[in-house]
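Coordinates in review
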Amino acid sequence: MNTKEIFEDIQGRVSGVAGYEEPEVGDAWIQVDPDHWHSVARFLRDDDKLRFDMCLLVTGLDYPDEKWVVVYHLHSQPHNQRTIIKVDLPHDDEPSLDSVHDVWPAANWHERETLDLMGIQFRGHPNPTRILCPDDWVGYPLRKDYEFPTEYRGIPYERNEKI
Amino acid sequence: MLNPAMPLPDDPLDRDILIGAGDISTDEMYINMGPQHPSTHGVLRVLLRTDGEIVTEAHPHIGYLHRCAEKIGECLDYIKFQPYTDRMDYLAAMNNNLGYAMTVEKLAGLEIPERAQLLRVIIVELNRIASHLIAFGTYGLDAGALTPFFHAWREREEMLTLFEKICGARLTYNYVCIGGVVNDMPEGWEDMVLDFLDRFEKRWKEYNDLLTYNRIFIRRTADIGVITREDCVAYALTGPMMRGSGIDWDLRRDRPYMMYDRFEYDIPIGEGKMGTVGDCWDRYWVRMVEMKESGKIVRQAFDMLKGAEGTHKAKVPKVFKPKKGECYVGIENPRGELGFYIVSDGSKNAYRMRVRGPSFCNLSILEKLLPGAMIADAVMIIGSTDIVLGEVDR
């Protein structure tokens, strides 16, 4: 099944499926309502026709003054099919979404990375700490309004004198 | 956070120092394995909680090589970002170049000539051999066998010379580019590669005599670090890690890209020959057989190259602006599925560049795999994941 067929299939069977979109070029995706995301995720994994048992990638997107988007790339090992799920969040300072680490353990580290670099909180995550940046890092580097720091723990990024 | 019941200081550095000095019982101990440790294959730190010789908890700490390649991808235009992909999985730089180039090409709707595709197949399969040679050599080192490493390095040295001849670089090639490959192969290169493969196949048998069927090595790897099929899928492990657990899955065959559907080759899976399916030996063996299979593909690709149409590169505009859209492409790297997810807003830079590093996902199972193992086995288990920290941290 392609993403469109999957969307038509699940639309009536689970609540929270908000829409289907196709970009000008590239892959289509299914839009899911943030409040229902956890139950939809469980449904996608357990339903016999879908069986999306692998979470390949979790990505955070920043559209300033518009929305945060969390993108899930899913893969079904038994059926060899793939789909993309997007969850939109309102663009406020502390976006948060239900964690799906209990549905797909693979999402655990990806969610931590999304928190670390994009600053999206995942509710119910067992270890919501930074993963790539140092623990005392300020700000979220992948946000569009991120300001590059000038020093880290007293170490300047630019040298004033020549060596 | 290690133990929710244990109060920890707020300052992370103090926390690191104080860990292990708290009110834990006397026979338990925290050990920092890494960041500078020969068996962690780079700057990886694994915090082990041990009870005597047995690991009871493991917490991998990564990020020592973090350069935020994804942000760099947003700040540079598409063609300029290409060399940065070399620096992620530096042992398989050609494959990383390919993953990125294919994603951008899909976004831009570029058609790649047949000749360019075959040259790509040849070079990435050779790079797969070079990468697995390191996995083989250093895995021997982990077990305390020094000699196989020198054998592996001898062959890798020859391969690097071949790469140098075709693209001028020995580690970060930037050879596979958007639209094809940078230049066609030089004269006589084909014979050199075929000559190397002849020698390599003989030496491959020597490797097995040296290490694969070595009694001590089998005792160190068989039945150690067993990953079940369910765990494999749940943690989204890919590549040799997945095939080692007996899951017959390879992107090259099951979701074919480029011209992989036109080659004949076998895909090895773990069968539990020396112990249990999914143990360290199985993962090691999958990589060994893959080297041989890659050689087969390279030979077939050279045969097909004789009748191939087109040149080594498609025409790519100098100012490169894909349309608005987004796409994800996953390819079979030596370590698993390497994925690039690019969101384009129609400008010359990517709006969002996301990389799925296979090592990053493969490493995440350590938290589950290490508890219960002996400390010495922890070394073997980390070695069997065959990670490249440049890609874990990106």
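Whatever comes next refers back to the structure up there.
Residues numbered from 1 in each chain as written. Chains lettered and ligands numbered in written order. Predicted model: local features only at pLDDT ≥ 70, side-chain atom pairs only at ≥ 80, totals over all residues. Heavy atoms only, no water.

Some words on the interface of chain A and chain B
- Chain A puts 47 residues into the contact, and the matching count from chain B is 49 residues.
- The largest per-residue losses of area from chain A upon contact with chain B belong to W109, L132 and L142 of chain A, which jointly make up 18% of the total buried on that side.
- Counting across the chain A and chain B interface gives 6 salt bridges.
- K144 of chain A serves as the salt-bridge partner of E74 of chain B, at 3.2 Å between the closest nitrogen and oxygen.
- For the pair chain A and chain B, the number of links is 20 residue pairs in polar contact (both at pLDDT 80 or more).
- For the side of chain A that touches chain B, the secondary-structure elements that each account for two or more residues are β2 (25-26), β4 (54-63), β5 (67-76), β6 (81-90) and α3 (107-118) of chain A. (Contact = heavy atoms within 4.5 Å. Buried area = accessible area lost by both parts, 1.4 Å probe. Salt bridge = Lys/Arg side-chain N within 4 Å of Asp/Glu carboxyl O. Polar contact = N/O pair within 3.5 Å; in protein donor to acceptor, adjacent residues only side chain to side chain. Helix = DSSP H or I, 4+ residues; strand = E, 2+ residues; numbered from the N terminus.)

Section: the side chain of R45 of chain B
Residues and elements named next belong to chain B.
- Relative to the helices and strands, R45 is located in strand β2 (residues 45-51).
- Residue classification places R45 among the buried positions, given a relative accessible area of 9%.
- Side-chain polar atoms of R45 contact the side chain of Y64, separated by 3.3 Å. (Buried < 20%, exposed > 50% of the residue type's maximum accessible area, 1.4 Å probe, protein only.)

Some thoughts on the layout of surface pockets
- As a volume, the second largest pocket reaches approximately 690 Å³.
- Looking at the second largest pocket, it is lined by 29 residues, and the ones nearest its centre are D27 of chain A together with K106, R255, Y328 and V329 of chain B.
- For the lining of the second largest pocket, the elements supplying multiple residues, two or more each, are α1 (3-10), β5 and β6 of chain A together with α4 (93-108), α5 (114-143) and β6 (325-333) of chain B.
- The element that contributes the greatest number of residues to the lining of the second largest pocket is β6 of chain A, accounting for 4 residues.
- Looking at side-chain class alone, the lining of the second largest pocket contains 15 nonpolar, 7 polar and 7 charged residues. (1 Å grid on protein atoms, 1.4 Å probe; cavity = no way out; pocket = protein on both sides within 12 Å on 5 of 7 lines; lining within 4 Å. Points joined across faces, edges and corners; volume = space filled by probe spheres on them. Nonpolar A, V, L, I, M, F, W, Y, C, P; charged D, E, K, R; others polar.)

Side note on unusual backbone geometry
All names here are of chain A.
- Its identity is not glycine, yet R51 carries a phi of approximately 50°, on the positive side.
- If you trace the backbone, R51 turns up in the loop between α2 (37-46) and β4.
- You will see that D65, though not glycine, has its phi angle at about 60°, which is positive.
- With respect to the helices, strands and loops of the structure, D65 is situated in the loop between β4 and β5.
- D65 sits in the exposed class, given a relative accessible area of 77%.

Focus: a negative patch on the surface
- Taken together, the side chains of D92, D93, E94, D145 and E147 of chain A define an acidic patch exposed on the protein surface.
- Along the chain, D93 of chain A turns up in the loop between β6 and β7 (96-98). (Patch = residues over 30% accessible without salt bridge, like charges linked within 9 Å, V, L, I, M, F, W, Y side chains within 5 Å. Areas by Shrake-Rupley, 256 points an atom, 1.4 Å probe, with all protein chains shown as cover. Lys, Arg positive; Asp, Glu negative; His and termini not counted. Charge placed at Lys NZ, Arg CZ, Asp CG, Glu CD.)

Looking at the nonpolar core
- Among the nonpolar cores identified, the biggest contains 174 residues, and W37 and Y72 of chain A together with W189 of chain B are the most heavily contacted of them.
- The biggest single contributor to this core is α5 of chain B, with 14 residues.
- Residues contacting W189 of chain B, with those up to four places away along its chain left out, are I122, I123, L126, L162, K165, I166 and F302 of chain B. (Core = buried A, V, L, I, M, F, W, Y, C linked by side-chain atoms within 4.5 Å.)

A few points about the sheet that holds β6 of chain B
- Spatial strand order, β2(A)-β6(B)-β7(B)-β8(B): 4 strands in an open sheet with mixed pairing. Single-partner strands in this sheet number two, and they are β2 of chain A together with β8 (350-356) of chain B.
- Note that β6 of chain B and strand β7 (residues 336-344) of chain B share 9 bridges and pair antiparallel. Among the inter-strand pairings, E326 of chain B is bridged to a residue of β7 of chain B, identified as V343 of chain B. (Pairing = 2+ DSSP bridges.)

Comments concerning the environment of I297 of chain B
Residue and element names in this part refer to chain B.
- Within the secondary structure, I297 is located in helix α12 (residues 280-305).
- According to the relative accessible area criterion, I297 is buried, its value standing at 0%.
- When the C-alpha positions of I297 and Y265 are compared, they lie 6.7 Å apart, and in sequence the two are 32 residues distant.
- Every residue in contact with I297, bar those within four places of it in the chain, is listed here: V121, E125, R252, Y260, F263 and Y265.

Functional significance is not addressed by these values, which are geometric in nature.
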